[in-house]
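Close look at the chain arrangement
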Amino acid sequence: MARLLFLGKLADLAGGAERVVAAGPLDQVLAALEPDLALALLDERVRTALNGELVGERALVLGEEDELAFLPPVSGG
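Residues numbered from 1 in each chain as written. Predicted model: local features only at pLDDT ≥ 70, side-chain atom pairs only at ≥ 80, totals over all residues. Heavy atoms only, no water.

1. Digging into the pairing of strand β1 (residues 2–6)
Taking burial as the measure, the five residues of β1 include four buried ones, the bulk of the element. As paired strands, β1 and strand β7 (residues 67–71) are joined by four bridges and run parallel to one another. Directly across from L4, in β7, lies its bridge partner L68. (Buried < 20%, exposed > 50% of the residue type's maximum accessible area, 1.4 Å probe, protein only. Helix = DSSP H or I, 4+ residues; strand = E, 2+ residues; numbered from the N terminus. Pairing = 2+ DSSP bridges.)

2. Brief notes about unusual backbone geometry
In the Ramachandran plot, N51 falls in the positive-phi region, its phi being about 50° despite a non-glycine side chain. Mapped onto the elements of the fold, N51 is located in the loop between β4 (47–50) and β5 (53–55). Positive phi is not limited to glycine here, since E65 has a value of about 75°. Tracing the sequence through the fold places E65 in the loop between β6 (61–62) and β7.

3. Some remarks on the sheet that holds β5
In spatial order, the strands read β2-β1-β7-β4-β5; together these five strands make up an open sheet with mixed pairing. The sheet is open, and its two edges are formed by β2 (18–21) and β5, each paired on a single side. Ignoring which end each strand starts from, the neighbouring axes of this sheet average 25° apart. The sheet contact formed by β4 and β5 spans three bridges and is antiparallel. In the strand pairing of β5, T48 is matched with V55. (Axes fitted to C-alpha atoms, helices over the stretch in contact; angles between N-to-C directions.)

4. What to know about the confidence of the model for the chain
Scored by pLDDT, the chain comes out at a mean of 92, with 96% of its residues at no less than 70. Least confident of the elements in the chain is β5, whose mean pLDDT is 93; most confident is β1, at 97. (pLDDT = per-residue confidence, 0-100.)

Right, dumping it as structure tokens:
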């Protein structure tokens, strides 16, 4: 199993900060989520970090014990 972590407003949308999902290609993992959540995660402004390292590629394959964090855009001054 892999873990998805949702930060900021994404955690609100997901109904919690974390989900355990079956390992596999990210597109399949996202397809199993609620449509509104999946669309929010695909926003080009959302960054991802795989096992603590920022990644820019969305064609990921999550392995067992992987952790993928979704970081929403932030605003501030």
